[in-house]
Amino acid sequence: MFKRRTLALAAAALLVATSSFAQFADRTIKFTNGVNEDHPVGVGVKKMQEVLAAKTGGKMKINAFWGGAAGGDLPATQALRAGTQEMVCTSSSPLVGIVKELGAFDLPFLFANEKEADAVLDGPAGAYFNKKLEEAGLINLAYWENGFRNLTNSKRPVAKAEDFDGVKVRVMQNNIFLDTFKTLGTNAVPMAFGEVFTALETKTIDGQENPFVTIETSKFNEVQKYLSVTRHAYTPFLVLYSKKLWDQLNPQEQAVLREAAMEGQKVQRAANRSLNEKSLTSLKAKGMQVNEVSAAEQKRMFDKVKPVYDKNVPTIGAEPVKLVMDALKKARGG
């Protein structure tokens, strides 16, 4: 009798589970990004895959392409807008041509630490940018972390504002980064991320700027001698879904994707912060010559790039910049 009841309960539970998964269609979601799988984005994607497997009975799956294997972030984002691809994880910076307001995150020396960035991104300012992205045909499921960017080059340590002079630096295809590095005195060259390693190796360029984790996982230490801890910009990653394809999902499918991306955010940010320090230690051990930039010199650099704010805020829009600045003021307790 007990065995029969146990079997009946198990069968009922299976029926409930099966019926609860019935609201999900079998979907394999193409997810692309420019970093390698050993980057913290890989940890976030793995978490998303686990959440989707558990919540949809394995019906919704993510097929991830790493290291730009399926193309660059900007073409992928345009594919999302056209409805020919589902997802991309991209830095906000390449997207300013699509959503000009995102340029607020590229303003130099904006955030002092990760806590400030989280407060801005996870609050009303973040919601404002999500709305702008949706108007451009993109659904932002979560803000993940790319992190603070630092300069590497093969010429010399950059410890003061004058050390930037004449260094040929790859920057993202983004006018604010171009303006910042030109104003600092470098020969700034816009270039897609996938081309950077070869350009450094062949000495087409002297340097590039990225977070420690990206510098290590992209093996830039093999073609760069100097790493200067400039922390000149903080960029978020956006986990984007095509609005055209999003609108074809039912509310349950949409909800589970949002949940998966937010669960991914927790582990990705934590992994990024933990790995950031490990990567710095590792890059030193691999022979990179690392120098910190003093607070006084960082202020000199900031003073030098103030014209970048004056020039670009009208293009970005006063509203998004004010929203970010107000959120920062609040985060700083002012």
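The structure this text deals with has already been given above.
Just so we're clear, the structure is a prediction, and the values are computed from it rather than from any experiment. (Residues numbered from 1 in each chain as written. Predicted model: local features only at pLDDT ≥ 70, side-chain atom pairs only at ≥ 80, totals over all residues. Heavy atoms only, no water.)

Trainee: Got a minute to help me understand the packing of aromatic side chains in this structure?
Mentor: The description of an aromatic ring pair rests on the distance of the ring centres and on the angle between the ring planes. Per the stated rule, a full pass over the model turns up nine aromatic pairs. Ring centres 5.4 Å apart and planes at 85 degrees place the aromatic pair Y128 and F129 in the edge-to-face group. With centroids separated by 6.1 Å and ring planes inclined at 70 degrees, the aromatic side chains of F193 and F220 adopt a geometry described as edge-to-face. Here F220 lies in the loop between helix 8 (212-217) and strand 8 (226-242) and F193 lies in the loop between strand 6 (187-190) and helix 7 (196-201), a separation of 27 residues in the sequence. Using a relative accessible area of 25% as the deciding quantity, one classes F193 as partly exposed. Judged by its relative accessible area of 2%, F220 is buried. In this structure an aromatic cluster arises from ring pairing among F105, Y128 and F129. (Phe/Tyr/Trp six-rings, centres within 6.5 Å; stacked < 30°, edge-to-face > 60°. Helix = DSSP H or I, 4+ residues; strand = E, 2+ residues; numbered from the N terminus. Buried < 20%, exposed > 50% of the residue type's maximum accessible area, 1.4 Å probe, protein only.)

Trainee: Just to check I follow, could you spell out the environment of Y226 for this structure?
Mentor: Its place among the elements puts Y226 in strand 8. Taking C-alpha positions, Y226 is 5.6 Å from P157, a pair spaced 69 residues apart along the chain. Apart from residues lying up to four places away in sequence, Y226 is in contact with L151, T152, N153, S154, K155, R156, P157, M288 and Q289. (Contact = heavy atoms within 4.5 Å.)

Trainee: Where do I start with the packing of helix 6 (residues 175-183) against helix 12 (residues 306-316) in this structure?
Mentor: Axis angle and axis distance: for two packed helices, these are the angle between their axes and the distance between the axes, and together they describe the pair. Axis separation between helix 6 and helix 12 bottoms out at 10 Å; the angle between their running directions is 170 degrees. The angle between the axes of helix 6 and helix 12 places the two elements in the roughly antiparallel class. Residues I176, D179, T180 and T183 of helix 6 touch helix 12, and the partners they reach there are V308, K311, N312 and I316. Grouping the constituent residues of the contact of helix 6 with helix 12 by class yields three nonpolar, three polar and two charged. (Axes fitted to C-alpha atoms, helices over the stretch in contact; angles between N-to-C directions. Parallel < 35°, antiparallel > 145°, perpendicular 65-115°, else oblique. Nonpolar A, V, L, I, M, F, W, Y, C, P; charged D, E, K, R; others polar.)

Trainee: Is there a simple way to explain the pairing of strand 3 (residues 87-91) in this structure?
Mentor: Side chains on a regular strand alternate between the two faces of the sheet. Summarising burial for strand 3: five of the five residues are buried, a large majority. Side chains of strand 3 alternate between two faces, with M87, C89 and S91 and V88 and T90 buried alike. Here strand 1 (residues 27-33) pairs with strand 3 via three bridges, running parallel. Directly across from N33, in strand 3, lies its bridge partner C89. Where strand 3 meets strand 8, five bridges bridge the pair, whose relative direction is antiparallel. (Pairing = 2+ DSSP bridges.)

Trainee: For this particular structure, what's the right way to read the pattern of salt bridges?
Mentor: When charged atoms on two side chains of opposite charge get close, those side chains can pair. Applying the stated criterion to the full structure yields 22 salt bridges. D118 serves as the salt-bridge partner of R273, at 2.8 Å between the closest nitrogen and oxygen. Remark: D118 occurs in helix 4 (residues 114-121) and R273 occurs in helix 10 (residues 251-285); sequence separation between them is 155 residues. One salt bridge connects K131 with E135, and the closest N-O pair in it is separated by 3.2 Å. You can see K131 and its partner E135 sitting in helix 5 (residues 124-135), four residues apart, about one turn around the helix. Grouping residues by exposure puts K131 and E135 together as exposed. In the salt-bridge network here, residues are joined through shared partners; they are D118, D122, E145, R269 and R273. (Salt bridge = Lys/Arg side-chain N within 4 Å of Asp/Glu carboxyl O.)

Trainee: For this particular structure, what's the right way to read the side chain of N210?
Mentor: Inspection of the secondary structure assignment puts N210 in strand 7 (residues 207-210). A distance of 3.2 Å separates polar atoms of two side chains, one belonging to N210 and the other to R149. Engagement of the side chain of N210 in a polar contact is seen with the side chain of Q208, the distance being 2.8 Å. Beyond its immediate chain neighbours, meaning those up to four positions away, N210 contacts F148, R149, N150, R170, F193, I215 and F220. (Polar contact = N/O pair within 3.5 Å; in protein donor to acceptor, adjacent residues only side chain to side chain.)

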